[in-house]
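Remarks on the overall topology
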Amino acid sequence: MDIVTFAVQLLNGVQYGLVLFLVASGLTLVFGILGVINLAHGAFYMLGAYLSWYLASVTGSFALAFVGALAIAFLLGIALEEVFVKRMIGRDHLAQVLLSFGLILVIDELRQILFGKDVHSVAPPAWLGGSIQLTEVLSYPVYRLALCVVCLVLAGAIFYVLQKTRLGMVVRAGAENRDMTRALGIPFDLVNRYVFAGGIALAALGGILVAPVSTVFPGMGDGMLILSFVVVVLGGIGSVAGAAIGALLIGLTDTFGKVFFPQISSILIYVLMAGVLLWRPNGLLGKA
Amino acid sequence: MSDSVFSGGRLDRRRLLLGSAGLVAAGAGFRFPTPAIAQSAPLKVGFMLPYSGTFAKLGKFIDDGFRLYAENNAGLFRGRKLEFVQVDDESKPETATDNMNRLVSREKVDLVVGTVHSGVAMAMVKVARDTKTMLIIPNAGVNEATGPMCAPNIFRSSFSNWQVCHPMGQVMFDEGRRRVVTITWRYAAGTQMVEAFKEGFTKAGGQVLEDLALPFPEVEFQALITRIAALKPDAVFAFFAGGGAVKFVKDYAAAGLNRTIPLYGSGFLTDGTLQAQGADANGIKTTLHYADNLDTGPNREFLQAFKQKTGEEGDIYAVQGWDAAALLAAGLGATRGDWSARDKVIAAMRAAELASPRGTVRFNKAGNPIQDIYLREVRNGRNEFVSVAGRSVDDPARGCRAV
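Residues numbered from 1 in each chain as written. Chains lettered and ligands numbered in written order. Predicted model: local features only at pLDDT ≥ 70, side-chain atom pairs only at ≥ 80, totals over all residues. Heavy atoms only, no water.

1. A short note on the overall build of chain A
- Per the secondary structure count, chain A includes eleven helices and two strands.
- When the helices and strands of chain A are read in sequence order from the N terminus, they spell out α-α-α-α-β-β-α-α-α-α-α-α-α.
- Against the 2.2 N^0.38 benchmark of 19 Å for 288 residues, chain A shows a C-alpha radius of gyration of 19 Å, consistent with a compact globule.
- Principal-axis analysis of the C-alpha atoms places the extent of chain A at approximately 65 × 50 × 35 Å.
- Counting over 288 residues, chain A shows a buried share of 51%.
- Here the contacts in chain A between residues at least 6 apart in sequence split such that 75% fall between residues at least 24 apart.
- A total of about 12,600 Å² of accessible surface is found on chain A, and carbon and sulfur atoms cover 72% of it.
- When the 15 positive and 13 negative side-chain charges of chain A are each reduced to one mean point, those points stand 9 Å apart. (Helix = DSSP H or I, 4+ residues; strand = E, 2+ residues; numbered from the N terminus. Rg over C-alpha atoms; globule rule 2.2 N^0.38 Å. Buried < 20%, exposed > 50% of the residue type's maximum accessible area, 1.4 Å probe, protein only. Contact = heavy atoms within 4.5 Å. Areas by Shrake-Rupley, 256 points an atom, 1.4 Å probe, with all protein chains shown as cover. Lys, Arg positive; Asp, Glu negative; His and termini not counted. Charge placed at Lys NZ, Arg CZ, Asp CG, Glu CD.)

Rendered as structure tokens:
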């Protein structure tokens, strides 16, 4: 493999990892702060993609579709927290799994009723529609590069909010000791609600951003859900920084696995996960 | 996860749609008194098809095509009425054996028509062999069904994976492609299609540089597309279907490879997916046993009749359902409607020559169609006919000893 091809594959791996991080960060936040396992995370990813396709085809504008789909996902997150999820906080994981599995079925059926089961594609905004020539035959879509930038900015924003702001302090305090936070008079239930809605919005955001480079199809959330869990477990449950490292590791392993070890590429990321868990049973940055 | 690229309805509840569809009056035979046996009871046809999930449209079109033929050609069924029983197989291999057994044992159908998904079809083939139930497969292309698993009572009105890909080898060689890369999902259908293409291509004198594959149903193609760009082959042969086909074609074009390395494939790469693929699919050449604009008498009549009945544009799946009914008519015709004269029915069906919308169809010893395979090119959002890639292509029926 020459150096140019290697660099391009590196870019592929990083880009894939960044998208994985975007989706998985919502999952790890919700688990780390609310203590709720959300199996429907992949379904919200799919819903985001379908919403952006639908809104883009109605309004003709990717920007409007982006804002609209994100807003709908956020509001849906708030409503679901109010009606269902807040009752699940502190319950055992089986109840949470049952509820979120039910949500998968409902969302899948809703998608079927509202949008049908056809495969769709979404056009990227025109100013990101071009591509950059990398080698004599290969070019790289500008949208994919923009996707990397957006993911990096979002990752930075998440870290900033969690580590440097008062809101982030409350969130971290709540994750550390829920009862003590409440006793100090901090409205932690409200925080729960917005963290859950934010997690759902992050999943949907992943779907919205990926829609133009991927396609929009019914089963798209299933694979992403499993990968997100691998990322979260690898990085350490509840750790956003761990999710970032885990996602990049998975992205690079998958990309180079497909190139160098095609026969076993499908199991490589799971081998990686098993190896890391043997070495650090709580994940890379997980707390014991 | 085994079917999740296709699986809108992976989690759909199970549905059993019994006989509500009712009877089709095949009311011919006014001129001659038909034999008493022919009027005794309607012939019970069991449709085991995907009526929900991502293949739902395919299942419906097969069903519609079958019924349309039965209604329009009632006379050919020799006074035998047809009664239909529908079972939704949901494209789930794990429930396929139970569903098939229910049709055979409880519903006591005379003939089963199904299905789309190859894994489900293989389970059906096993039951059909054990119970000697007549079976017509109206889509699933898995080679084994008319290979090692063949039996006198098993027919196929569609294609084998080998059959639609083998002719592409010669086509690509004749177009000057000498060094080629293949890419597909690593599962039965993908492997069979790529192997058949390679067989034809290396026999013609071409060289396959590398076989790229990724786990089914993954759609992260970027690493392999970069690999293709590094290998710089003359062309690429691909098999994907459904959502994966759309994404692969779009990613391939987004990487700019469609300008320098032409993309070829089996017909499923661009069938039923063109609307989502858009202009990125233009120029892709594929082989299949049908093309959107075949200008033959039977095809024009079929498309018109189908449009009239269902309001939709007929496609290859509807044709395969239509031909399954034509095959049944050929069997009944030979015995004047007497289904119990089984050997005669089977012999007549094996010897049938159908004037199908896709062209003339005959059957080999394993019950697989012998048919023309067409080279098509994507133009104007359609798979347009280019030429005949192979005349009267016959699947080698490898491993078939039972007949």
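2. Here's the deal with the interface of chain A and chain B
- At the interface, 42 residues of chain A touch 40 residues of chain B.
- Note on chain A versus chain B: buried area summed over both sides is about 3,200 Å², and carbon and sulfur give 58% of it.
- Our enumeration of links across chain A and chain B arrives at three salt bridges.
- Its salt-bridge partner being K258 of chain A, residue E218 of chain B comes within 2.7 Å of it at the nearest N-O pair.
- Elements with a contribution of two residues or more to the side of chain A that touches chain B: α1 (3-34), α4 (93-115), β1 (131-133), β2 (139-141), α9 (220-235), α10 (240-260) and α11 (265-279) of chain A. (Buried area = accessible area lost by both parts, 1.4 Å probe. Salt bridge = Lys/Arg side-chain N within 4 Å of Asp/Glu carboxyl O.)

3. Description of the domain arrangement of chain B
Residues and elements named next belong to chain B.
- Structurally, chain B comprises domain 1 (33-159 + 296-370) and domain 2 (162-288).
- Here the C-alpha centroids of domain 1 and domain 2 sit 31 Å apart.
- On the domain 2 side, the residues contacting the ten residues of domain 1 number six residues.
- At the surface where domain 1 touches domain 2, the tally comes to zero salt bridges. (Domains from an automatic or database assignment.)

4. With respect to α11 of chain A
- End to end, α11 of chain A covers 22 Å across 15 residues, agreeing with the expected 21 Å (1.5 Å per residue, within 8%).
- All of the buried residues along α11 of chain A are S265, L268, I269, M273 and V276 of chain A. In a view along the axis of α11 of chain A, the buried residues occupy a sector of 130°, so they form one face of it.
- Of the surrounding elements, those touching the buried residues of α11 of chain A are α9 and α10 of chain A together with β8 (179-186) and β9 (207-215) of chain B. (Expected span 1.5 Å × (residues − 1). Arc of directions from axis to C-beta.)

5. What to know about the state of the cysteines
- With the rule as written, the count across this model stands at one disulfide over all chains.
- Distance from the sulfur of C148 of chain A, which forms no disulfide, to the nearest cysteine sulfur (C151 of chain A) is 6.9 Å. (Disulfide = S-S within 2.5 Å.)

6. With respect to the pairing of strand β16 (residues 382-393) of chain B
Residue and element names in this part refer to chain B.
- Note that strand β15 (residues 369-379) and β16 share eight bridges and pair antiparallel. Each bridged residue has a counterpart across the sheet, and for L375 the counterpart in β16 is S387.
- Where β15 folds back on β16, the antiparallel hairpin that results is connected by two residues, among which N380 adopts a positive phi of roughly 50°. (Pairing = 2+ DSSP bridges.)

7. A look at the nonpolar core
- In terms of nonpolar packing, the biggest core is built from 111 residues, with I183, I228, F240, F248, L257, L263 and L269 of chain B touching the most fellow members.
- No other element matches α1 of chain A, which puts 14 residues into this core.
- In contact with L257 of chain B, not counting residues within four places along its chain, are V137 and L138 of chain A together with I225, I228, A229 and Y252 of chain B.
- Counting 76 residues, the second largest nonpolar core, distinct from the first, contains A70, A189, Y264 and Y317 of chain B. (Core = buried A, V, L, I, M, F, W, Y, C linked by side-chain atoms within 4.5 Å.)

8. Quick notes on the packing of aromatic side chains
- Enumeration according to the criterion identifies 30 aromatic pairs over all chains in this entry.
- When the centroid spacing of 5.3 Å and the interplanar angle of 75° are considered together, the rings of F302 of chain B and W322 of chain B count as edge-to-face. Linking F302 of chain B in helix α11 (residues 297-310) with W322 of chain B in helix α12 (residues 316-334), this pair joins segments that are 20 residues apart in sequence. For the pair shown, F302 of chain B and W322 of chain B are each scored as buried.
- In textbook terms, an aromatic cluster arises when at least three aromatic residues are bridged by ring pairs, as seen for W185, Y187, F216, F221, F240, F248 and Y252 of chain B.
- Over the face of the ring belonging to Y50 of chain A we find R111 of chain A, whose NZ or CZ atom lies 5.8 Å from the ring centre.
- Lying across the ring of F155 of chain B, R350 of chain B places its NZ or CZ 4.4 Å from the centre. (Phe/Tyr/Trp six-rings, centres within 6.5 Å; stacked < 30°, edge-to-face > 60°. Lys NZ or Arg CZ within 6 Å of the ring centre and 35° of its normal.)

9. Some thoughts on the packing of helix α3 (residues 62-83) of chain A against helix α8 (residues 188-210) of chain A
Residues and elements named next belong to chain A.
- Put simply, α3 and α8 touch, their axes get as near as 8 Å, and they point 145° apart. By crossing handedness, the relation of α3 to α8 is classed as right-handed. Across the interface between the two elements, F62, F66, A69, L70, A73, F74, G77, I78, L80, E81 and E82 from α3 touch N192, R193, Y194, F196, A197, G198, I200, A201, A204, L205, I208 and L209 from α8.
- Each residue belonging to the contact of α3 with α8 can be placed in one class, and the counts come to 17 nonpolar, three polar and three charged. (Axes fitted to C-alpha atoms, helices over the stretch in contact; angles between N-to-C directions. Left-handed = near helix turned anticlockwise from the far one by under 90°. Nonpolar A, V, L, I, M, F, W, Y, C, P; charged D, E, K, R; others polar.)

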